[in-house]
Amino acid sequence: MSTRRKFIKNSFATAAGVGLVGAACAEAKPEPETLVRSKKLKALSTWIHGMEANEEAMRVMDEGGSALDGAEKGVKVVEADPNGSSVGIGGLPDRDGNVTLDACIMDHKGNAGSVCFLQNIKHPIAVARKVMEETPHVMLAGEGAKRFALAQGFAEENLLTESSKKAWENWLEKSEYNPIINVENHDTIGMICQDAQGNLSGSCTTSGLAYKMHGRIGDSPIIGAGLFVDNDYGAATATGMGELMLKTLGSFLVVELMRQGATPQEACEDAVQRIVDKLDYKAFQVGYLAMDIAGNTGAYAIHPGFNYAEMANGKNELIDAKSYLNG
Ligand code: SD4
């Protein structure tokens, strides 16, 4: 346990003992000097497709774009790739053959935008940003989200590619809903960027679990479950079986743990531990990815196989996350 976390735990214990819980809460804020904000560009994103997303995000931020621009434009590359079977066009459909998309975005000021159950619009992340910037709301769903997207100039298009349609038709032969760990169902892209001002923003976009029930919404568009950003401390995103992150509000939990003094790695591990302690977890994958304002990163998963891409100083690396279970 880090020294800062021990300090916080001890101050809670001592203050509670003398009836000073309020004072302990005030003390629990890490002192600013323990977390020095980095102003080096950095991009961090889930899975191997995060490599290309990072390249684009860094390009955008190199040209003066904000972390928010980086996080939006980075994941758009993956949304536009018809060969990716879990994000945007080419995403595997629900069990009735509909591609339904979930996405959310959050900036350094704590603003958030989200769309869920969106159909026939290739770039849900861009629609989520419009929800954040152009409406008084955080989240739009289904038909309303689509109507809003069309009014904002987005084009309507068929997102079910031939190969996704074939995969679905094959699936229909048995119609067994049994998501396979680290395979078709676990390729959401969640991304965290830090810009030249040191600000953090994040994005998360997915077609959700393949062959889900029609109408099912995962963690990815839910602020606090699939993504959370607190520009005073850090940001986190999640991938995997969304029901587990929804039940534990996982990304919020990771950031909250960082706010209480955990490193990004400790926070990801504690958030996985929360799932392990409370839920039936063995058959499911969950991966958390986090970055604090100092540019430190962390990742942790339930099962092996979760990897993520980290890019800084011109170097883009694919890294295997540690996991609670080991094969
Ligand atoms: C969901 N978390 O809809 C998403 C799925 C996912 O990689 O992460 N796929 O539950």
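Refer to the preceding data block for the structure.
Worth saying up front: this structure is predicted, and the values here are computed from it rather than measured.

Trainee: So what exactly am I meant to see when it comes to helix α5 (residues 124-134) here?
Mentor: Think of an α-helix as 3.6 residues a turn; residues three or four steps apart then line up on the same face. With eight of 11 residues buried, α5 is to be regarded as a mostly interior element. Looking only at α5, the buried set comprises P124, I125, A126, V127, A128, R129, V131 and M132. Taken together, the buried residues of α5 touch α4 (67-79), β2 (101-106), β3 (112-118), β4 (139-141), α6 (142-151) and β6 (200-206).

Trainee: What is the right way to look at the pairing of strand β8 (residues 234-240) in this model?
Mentor: Side-chain positions along a regular strand alternate between the two faces of the sheet. Counting buried residues along β8, seven of its seven residues qualify, which places the element largely inside the surrounding structure. Side chains of β8 alternate between two faces, with G234, A236, A238 and G240 and A235, T237 and T239 buried alike. Bridge count between strand β7 (residues 227-230) and β8: four bridges; the pairing is antiparallel. Note that in β8 the partner of D230 across the bridge is G234.

Trainee: Mind showing me how you'd approach the packing of α4 against α5 here?
Mentor: Each pair of packed helices can be described by the angle between their axes along with the distance between the axes. Put simply, α4 and α5 touch, their axes get as near as 8 Å, and they point 150° apart. If you check the angle between α4 and α5, you find them roughly antiparallel. Counted together, L68, D69, E72, K73, V75, K76 and E79 of α4 and P124, I125, A126, R129, M132 and E133 of α5 form the full contact between these two elements. Its residues assigned to classes, the contact of α4 with α5 shows six nonpolar, no polar and seven charged.

Trainee: Just checking my understanding: could you explain the sheet that holds strand β9 (residues 286-292) for this structure?
Mentor: Across a sheet, paired strands are connected by hydrogen bonds in the backbone, their directions being either parallel or antiparallel. Strand order in the open sheet formed by five strands is β7-β8-β9-β10-β13, with mixed pairing between adjacent strands. Each of the sheet's edge strands pairs with one partner strand only, and the pair in question is β7 and β13 (322-323). With seven bridges joining them, β8 and β9 adopt antiparallel strand pairing. Within the sheet, the bridge partner assigned to A238 lies in β9 and is Y288. Strands in contact with helix α10 (residues 264-278) are β9 and β10 (297-301); relative to β10, the strand with the most contacts, it is inclined by about 20°.

Trainee: Where do I start with the nonpolar core in this structure?
Mentor: Inside soluble globular proteins, nonpolar side chains tend to come together where they are buried. With 46 residues, the main nonpolar core has V254 and Y288 as its most contacted residues. Here this core gets six residues from one element, more than from any other, and that element is α10. Counting 31 residues, the second-largest nonpolar core is a separate cluster that includes L68, I105, I121 and A128.

Trainee: Quick question: what am I supposed to make of the sheet that holds strand β5 (residues 189-194) here?
Mentor: Taking strand neighbours across the sheet as the criterion, the eight strands line up as β4-β3-β2-β6-β5-β1-β11-β12 in an open arrangement whose pairing is mixed. On the outer flanks of this sheet lie β4 and β12 (315-320), each paired with one strand and no other. Put simply, the sheet's adjacent strands are angled 10° from each other on average, direction ignored. Where strand β11 (residues 307-312) meets β12, six bridges bridge the pair, whose relative direction is antiparallel. Looking at the pairing, A312 lines up with K315 of β12. Strands in contact with helix α3 (residues 50-62) are β1 (42-46), β5, β11 and β12; relative to β1, the strand with the most contacts, it is inclined by about 155°.

Trainee: Explanation requested: the environment of D195 in the structure shown.
Mentor: Note that D195 resides in the loop between β5 and β6. Along the primary structure D195 and S38 are separated by 157 residues, whereas in three dimensions their C-alpha atoms are 8.9 Å apart. Apart from the residues lying within four places of it in its own chain, the contact partners of D195 are K39, K40, L41, M61, G65, S66 and A67. Of note is the side chain of D195, whose polar atom sits 2.9 Å from the backbone nitrogen of A67.

So, how was this worked out
Residues numbered from 1 in each chain as written. Predicted model: local features only at pLDDT ≥ 70, side-chain atom pairs only at ≥ 80, totals over all residues. Heavy atoms only, no water. Buried < 20%, exposed > 50% of the residue type's maximum accessible area, 1.4 Å probe, protein only. Helix = DSSP H or I, 4+ residues; strand = E, 2+ residues; numbered from the N terminus. Contact = heavy atoms within 4.5 Å. Pairing = 2+ DSSP bridges. Axes fitted to C-alpha atoms, helices over the stretch in contact; angles between N-to-C directions. Parallel < 35°, antiparallel > 145°, perpendicular 65-115°, else oblique. Nonpolar A, V, L, I, M, F, W, Y, C, P; charged D, E, K, R; others polar. Core = buried A, V, L, I, M, F, W, Y, C linked by side-chain atoms within 4.5 Å. Polar contact = N/O pair within 3.5 Å; in protein donor to acceptor, adjacent residues only side chain to side chain.

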